[in-house]
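Residue-level listing of the chains:
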Amino acid sequence: VALTLYPPETPQEAITVDDYMDFVARELDAEDDDSLYAPQSVAQFSRLLANPGIVTAALNRELARLPRSLDLAGDFSGTSVLLGRAPSFLLRANFWTPPSHSEEAYAFETYFNQYQMPHNHRFSFLTGGYYGGGYETIIYQYEGDEGYLPGDPVALTFSQVTQLPKGKLMFYYAVRDVHAQRIPLDPSISLNLVAISKKALERPTVLFDLEKKIVTSIALPQGRNYEIPFLLAEQVGDARTVDALEEIAVTHPHPMVRGYAFRAISRMCPNDAQVVVQAALKDRHPYVRDMAACGFPA
Amino acid sequence: MPGQTERAKAVSALQKIIADLEDLPLDHEDFSQSAGLFTSFLRSAALREIIDYELRKIRDDAHYQPAGSSKQQMTLHNGRNFVLTAIVAKPAPAGLPPKLQSLNRDSFIGVVNGVDVETTVFRIGAADDAWRDNPCVSFLRQGEALLVRAGVDLVHLRPLSCAVLLTLASQPRFDAVTEYAADTLEPLRERVVNPELLWTRYMMELAIHYGDAASAGALRNAAERGSPAVCAAAARAIEHIHCRE
């Protein structure tokens, strides 16, 4: 179950993002959860949280781009900014803002922040409150079967309700910790060290209904962003495009991406559609098999 | 936009149109100057080359995520003075009443594949209520493009089947669009569409709490050149930073 971690009681000197990522690359193993919440790791993450200039530096980098292009991009995406990388690790800052008052903006921003949407993560991660009172979150756990489909019942067990204020550290296990953030009372920021293990690449994120204790949907992180090249390929692709699609359908680790590739081939080559369906029905993930059984719906 | 520079380098037709467009003044009055460049890009094989590039990247790198993609559109390039986008446009589900809408950016819209798109345009910016009596209905066919003016034209597109569209749009002239009922031509609602607005809000919240003198300098530039909402948000953030300091 998700762990609350306790840094050393003696105040530690703050460290930079670069120093922290050097430590991560040297000492932590994305395949070994224990290394992430070991005392040394907790102490270093705590020292990073004590550095007050991290988000300002990222902010200024982004603001410097604004006059040239109003499309905020760079290291920013969704509601987070990428602060650093190490092999198999990402360090991100996440922004948790109370939604606007207008009805339309409230609905969109609540969705955009994924507030009150119970979900798990395909990766294990360390998280710490960096600024503000933090979000409150309700945490459940389950056995973490990775082959669930929407509608499947799940044995979710209530674990705790907790908050992530400035200075607090927590560790979430991949797949089996399920949580839903509630809207924070004030703008807050958390830092996450995400461990991209080999298995993490193959797992979808799962969304749950906590009351009914069922899976409501599965999604790749940024999953929908993968779909558009395949939709365009169906319309403008040629034989060379099909070659690339065939490789993706067989080799890509993400089940949804394999599904998109199978679907695109079946539509581009209608004469071979049955062969494609048969191949997809043998896929290792139920998501792809389900798509094939339904005839690759839109 | 992460990845767009690398993509432009890999697809020569994309690199060329970016360089050509960035040489043009694409202000509201001058936007039509880009017509020739856009039409020749539309009629080239550039989009297929871009898609093949994206699929190769997805095939070769499990971590790769296509740059600028959302569910039904892909931003091919977000330049200094324009945005180039590919869109998959499907026929509206049966039973949905058709709507017209204004655009917040001047936009060329062109058809890539062989699907005809019925277009209905009202020029509301022209004069009084007479615009209601003068719809321009036509079909946009493969390789053809239509210019829709922000704040001037109301448009409705009806693809006959799944159409692939390319759009070349200016930077935002407005932060919202207005939807109109196609039968009565009465306004239904105003919808905020400028995707920068939410980001702007995050940026400004961050600047208010974390900004320093360097942030204030960058915000001053944004306040001078951004859309109205960006200008207002930047000015507010600068004020907060000054008060704090």
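Note that the coordinates shown come from a computational prediction; the quantities given were computed from them, not determined experimentally. (Residues numbered from 1 in each chain as written. Chains lettered and ligands numbered in written order. Predicted model: local features only at pLDDT ≥ 70, side-chain atom pairs only at ≥ 80, totals over all residues. Heavy atoms only, no water.)

Draft legend 1. Looking closely at the packing of aromatic side chains. Residue and element names in this part refer to chain A. By the definition in use, this model includes 16 aromatic pairs over all chains. Measuring from ring centre to ring centre gives 5.9 Å for F230 and Y260, while their planes differ by 40°; the resulting arrangement is tilted. With F230 in helix α6 (residues 223-236) and Y260 in helix α8 (residues 255-268), this pair connects stretches of sequence that are 30 residues apart. Accessibility classification places F230 together with Y260 in one group, the buried group. Pairwise contacts between aromatic rings join Y20, F23 and F45 into one cluster. When the ring centre of Y173 is taken as origin, the NZ or CZ atom of R176, which lies over that ring, is 3.9 Å away. (Phe/Tyr/Trp six-rings, centres within 6.5 Å; stacked < 30°, edge-to-face > 60°. Helix = DSSP H or I, 4+ residues; strand = E, 2+ residues; numbered from the N terminus. Buried < 20%, exposed > 50% of the residue type's maximum accessible area, 1.4 Å probe, protein only. Lys NZ or Arg CZ within 6 Å of the ring centre and 35° of its normal.)

Draft legend 2. The arrangement of the sheet that holds strand β1 (residues 73-78) of chain B in detail. Residues and elements named next belong to chain B. Pairing in this open sheet of five strands is antiparallel, and the strands run β1-β2-β9-β4-β7 from one edge to the other. The two strands at the open ends of the sheet, each matched to only one other strand, are β1 and β7 (145-148). Within the sheet, the average angular offset between the axes of one strand and its neighbour, ignoring direction, is 20°. (Pairing = 2+ DSSP bridges. Axes fitted to C-alpha atoms, helices over the stretch in contact; angles between N-to-C directions.)

Draft legend 3. Layout of the environment of P91(B). The residue P91(B) is located in the loop between β2 (83-89) and β3 (99-102) in this model. Beyond its immediate stretch of four places on either side in the chain, P91(B) contacts P159(B), L160(B), S161(B) and C162(B). (Contact = heavy atoms within 4.5 Å.)

Draft legend 4. Representation of the nonpolar core in the model. Counting residues in hydrophobic clusters, the biggest one holds 76 residues, and the most contacted among them are L14(B) and L76(B). Other than its neighbours up to four places away in sequence, L14(B) contacts R7(B), A8(B), F41(B), I50(B), L76(B) and L84(B). Ranked by size, the runner-up nonpolar core spans 49 residues in total, among them M21(A), L126(A), M204(B) and A237(B). (Core = buried A, V, L, I, M, F, W, Y, C linked by side-chain atoms within 4.5 Å.)

Draft legend 5. Summary view of the pattern of salt bridges. Residues and elements named next belong to chain A. Taken as a whole, this structure holds 20 salt bridges over all chains when the rule is applied. A salt bridge links R263 to E227, with the nearest nitrogen and oxygen atoms 2.9 Å apart. Here the residue R263 occupies a position in helix α8, and E227 occupies one in helix α6, the gap between them amounting to 36 residues. Residue E227 is classed as buried on the basis of its relative accessible area of 7%. Residues participating in the shared-partner salt-bridge network are E227, E234, R263 and R267. (Salt bridge = Lys/Arg side-chain N within 4 Å of Asp/Glu carboxyl O.)

Draft legend 6. Inspection of the packing of helix α7 (residues 239-251) of chain A against helix α4 (residues 46-60) of chain B at higher detail. At a closest axis distance of 9 Å, the pairing of α7(A) and α4(B) adopts a crossing angle of 20°. Overall, the two elements α7(A) and α4(B) adopt an arrangement that is roughly parallel. Helix-helix and strand crossings are classified by hand; for α7(A) and α4(B) the assignment is left-handed. Side by side, α7(A) and α4(B) meet where R240(A), T241(A), A244(A), L245(A), E247(A) and I248(A) of the first sit next to R48(B), D52(B), L55(B), I58(B) and R59(B) of the second. Of the residues that constitute the contact of α7(A) with α4(B), the class distribution is five nonpolar, one polar and five charged. (Parallel < 35°, antiparallel > 145°, perpendicular 65-115°, else oblique. Left-handed = near helix turned anticlockwise from the far one by under 90°. Nonpolar A, V, L, I, M, F, W, Y, C, P; charged D, E, K, R; others polar.)

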